[in-house]
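One-letter residues, chain by chain:
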Amino acid sequence: MTRRREATAWLLFSAPLALLAGSLLIGRYPVSLPEAFRALFSVGEVPDVVRALIVRVRLPRAIAAACVGANLAAGGVIFQALLHNPLVDARILGVSSGAAFGAALALVAGAGAVAVQWSALGFALLAVGMVVLVGWRYGASTLVIVVTGILVSALFASLLGLLKYVADPADTLPAITYWLLGSLGGVRWADLAPLLTATLLIQPLLLLARWRVNLLTLNTAEAHSLGVPIRALRAAALLGATILVAASISTSGIVGWVGLIVPHVARFLVGGDHRRALPAAIALGAGVLLLLDGIARTALPVELPLGVLTGIVGVPGFLVVLGGVLRTRGALR
Amino acid sequence: MSVEARGIRFSYQPERTVLRGVDLLAADSEVTFVLGANGSGKTTLLQILIGLLAPQEGRVSVDGRPIDRLSPRARARRIALVPQSHPPRPGFTVSETVVMGRAARLGAFSTPRAAEWAAADAALEALGIASLADRSHAKLSGGERQLAMIARGLAQGANTLALDEPDAHLDPAYQQRVLSALARLAERGMALLLTSHQPNNALVYAHSVVFLVGGVAAPQLAPREALTEERLEAAYGVSFNLIESPAGARALLPKRDGR
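Here the residue numbers are simple positions, counted from 1 along each chain's written sequence. Here every chain gets a letter starting at A, and every ligand a number starting at 1, in the order they are written. Only residues with pLDDT of at least 70 get local features here, since the model is predicted, and only at 80 or more are side-chain atom pairs given and counted; chain-wide, interface and lining totals rely on the full set of residues.

**Quick word on the interface of chain B and chain A**
In step 1: Contacts here follow a simple rule: the backbone-placed C-beta atoms of the two residues must lie within 7 Å. On the side of chain A, 20 residues touch chain B, which itself brings 25 residues to the contact.
In step 2: When contributions to the side of chain B that touches chain A are tallied by element, the ones reaching two or more residues are α2 (72-76) and β6 (79-82) of chain B.
In step 3: Here the nonpolar group is Ala, Val, Leu, Ile, Met, Phe, Trp, Tyr, Cys and Pro; Asp, Glu, Lys and Arg are the charged ones; every other residue, Gly included, is treated as polar. Looking at the side of chain B that touches chain A residue by residue, the classes come out as 16 nonpolar, five polar and four charged. Helix and strand assignments come from DSSP, with helices taken as H or I runs of at least 4 residues and strands as E runs of at least 2, each series counted from the N terminus.

**A word on the packing of helix α3 (residues 48-82) of chain A against helix α11 (residues 230-252) of chain A**
Any two packed helices are characterised by the angle at which their axes cross and by the distance between the axes.
Residue and element names in this part refer to chain A.
In step 1: Angular values range over 0 to 180 degrees, each being the angle between N-to-C directions of two axes fitted as lines to C-alpha atoms, with helices fitted over their stretch in contact. Remark: α3 packs on α11, axes separated minimally by 9 Å, with the N-to-C direction vectors making an angle of 145 degrees. Seen from above, α3 lies across α11 with left-handed handedness. On α11, the residues touching A64, C67, V68, N71, L72, A74, G75, I78, F79 and L82 of α3 are R234, A237, L238, A241, L244, V245, A247, S248, T251 and S252.
In step 2: Considered class by class, the residues forming the contact of α3 with α11 number 14 nonpolar, five polar and one charged. By the definition used in this description, the sense in which the near helix is turned from the far one sets the handedness, with an anticlockwise turn below a right angle giving left-handed and a clockwise turn giving right-handed.

**Concerning the confidence of the model for chain A**
In step 1: pLDDT measures the predictor's confidence residue by residue and takes values from 0 up to 100. On average, residues of chain A carry a pLDDT of 91, and 98% of them reach 70 or more.
In step 2: Ranking the elements of chain A by mean pLDDT puts helix α14 (residues 306-328) of chain A last with 84 and helix α8 (residues 193-208) of chain A first with 97.

**Quick word on unusual backbone geometry**
Leaving glycine aside, a negative phi is the common case for residues, and trans is the common case for peptide bonds.
In step 1: The residue H84 of chain A is not glycine, and still its phi comes out positive at about 50 degrees.
In step 2: Exposed residues have 12 or fewer other C-beta atoms within 10 Å of their own C-beta, buried residues have 20 or more, and residues in between are partly exposed; the C-beta atoms are placed from the backbone. For H84 of chain A, a count of 13 C-beta atoms within 10 Å translates into the label partly exposed.
In step 3: Although it is not a glycine, D63 of chain B adopts a positive phi angle of roughly 50 degrees.
In step 4: Within the fold, D63 of chain B resides in the loop between β4 (57-62) and β5 (65-66).
In step 5: Residue D63 of chain B is classed as partly exposed on the basis of its C-beta count, with 17 C-beta atoms lying within 10 Å.

**Describing the pairing of strand β1 (residues 3-13) of chain B**
Residue and element names in this part refer to chain B.
In step 1: For β1 and β4, the ladder comprises five bridges, and the chain directions are antiparallel. By the bridge assignment for β4, E4 is matched with S61.
In step 2: By the convention used here, strands pair only if DSSP detects at least 2 bridges between them. Taken together, the seven bridges between β1 and strand β2 (residues 16-26) define a ladder with antiparallel strand orientation. Note on β2: the bridge partner recorded for Q13 is R16.
In step 3: Linking two consecutive strands that pair antiparallel, namely β1 and β2, is a turn of two residues.

**Digging into the nonpolar core**
In step 1: The nonpolar core is taken to be a set of buried Ala, Val, Leu, Ile, Met, Phe, Trp, Tyr and Cys residues joined by way of C-beta atoms within 7 Å. Ranked by internal contacts, the top residues of the largest apolar core, which has 181 residues, are A73, A74, V95, A124, A246 and A281 of chain A together with A151 of chain B.
In step 2: For this core, the element with the highest residue contribution is α3 of chain A, accounting for 18 residues.
In step 3: If we ignore the near neighbours within four places in the chain, the residues touching A281 of chain A are A73, A74, V77, V262, P263 and A266 of chain A.

**Quick notes on α8 of chain A**
Residues and elements named next belong to chain A.
In step 1: Multiplying one less than the number of residues by 1.5 Å gives the expected span of a helix. Taking 1.5 Å of rise per residue, 16 residues should cover 22 Å, and α8 covers 23 Å from first to last C-alpha, within 8% of that figure.
In step 2: Here the bend at a residue means the angle between the axes of two seven-residue stretches, the one that ends at it and the one that starts at it. I202 marks the point of greatest bend in α8, at about 25 degrees, and the proline P204 comes within the next four residues.
In step 3: Looking at α8, one finds that the buried residues are L195, A198, T199, I202 and L206.
In step 4: Looking at the buried positions of α8, the neighbouring elements they touch are α3, α9 (210-215), α11 and α13 (274-298).

Dropping the structure here:
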């Protein structure tokens, strides 16, 4: 048992590193490992075009994929614990629909890539802020929060529809559609500021507090009795997870399913205690998105949208998860 | 010492008072039963005693100190609640759920250390379920889960345990196992306060009994004085027969059709 657990841990944490290295090598212009090494660390002779490709294109993209995957998975773990519901992710609180509206608004206004990103981030946070404010007003129960999340999502979806309707069908509308499909295609170092800041600030705190994530699954009376300041804990978890997810989606566009399914796979592999489940989900999320982004850019002559790919893999994955959840609740034999 | 409530009045809405002038003492080394019909305010009273709800009138003190003056951590080290419902936690072992009882002794960024795991093990040992430590929490029976939940309260290290219907939904053997375990904790000096719908369990295990009738507490009495046919009829609105064996054991049987 212990040996199996150790092997799982090694695999979980070495796989993302291997995939990160691998994603520097593969692509329309394959690069050998020694060449990539020389380019990264500026040793020996490397053609300028290879150096530019590795350092300016593939490395930021791979780092973005790893961060987005890790953040969506961590966000999923937190939201599932927070809402006592194994079948939710950040989308339930309107993060995605807020981000989509924000990005579309900036695109319609003719803003540049960085402005699109910040607008998406801002509206994602606004959407969750609305859910929290309204939810708080009506007693902050899980049910109220979920229903409010659905309402706020619906509102932003309608507003997004309005923007699409008025967008120039020649260039703006395709840009909105492309953003909604999710992609890391155009990511360069300059686009990584919000993503890297959020990841480097919040992930270490989250990992240090990973045992406390267990306490999010308690109800209010239990938490009170255990001396846990549950309101503060919930607020901190909600804020941290929301910023992680919002910063990720504002960089990648809509990438669904990772936050929903990866936490389940992590728990299946290492158990439910978040001392292990949270780090495992983070590693797994990074690995999965590196892998899928690698497939997205190499499987076909044209690049596949990442969000489409996660959807194709995610829907059957969700059915497996749903079966597992229903079985543990005795609703399915 | 332990937990004392004096003159508690509480209402969720101004016009609907749930508790009126309730006095109660859960003393060290004793098992105190709170009995009363559904909706008589038992769970509300427990939530007031652990400081989750603040009464509009009256005061609650734990070990002589007003509960609202204690910090959450200090309070958790003095009184622990064992709630009525305890959903299965898929993916968690029993130890991992019990060690959550140590939350008040850990900083925001720490994980349980050897001392915490030892406390969890000791709690499981005290309840006779050490063998369940590494079992999956979701695969426990209802009775085992109740014991695991009590172990979490015990791991908290508080001297007072407040339990919400710990004998509900259990077969007679498990009721006996749970209540005997609680009685042993009282023998070790702890104060045990529990709500129940089983007057017969109170006859066997209680040192004192409080009846809640329509939000008002009858005086706290020894079980033989508290559990009479008249008092039960007043509390539940149906008639009972008090049966006594030659050896002195008592039981209360509800009459057929309430008469």
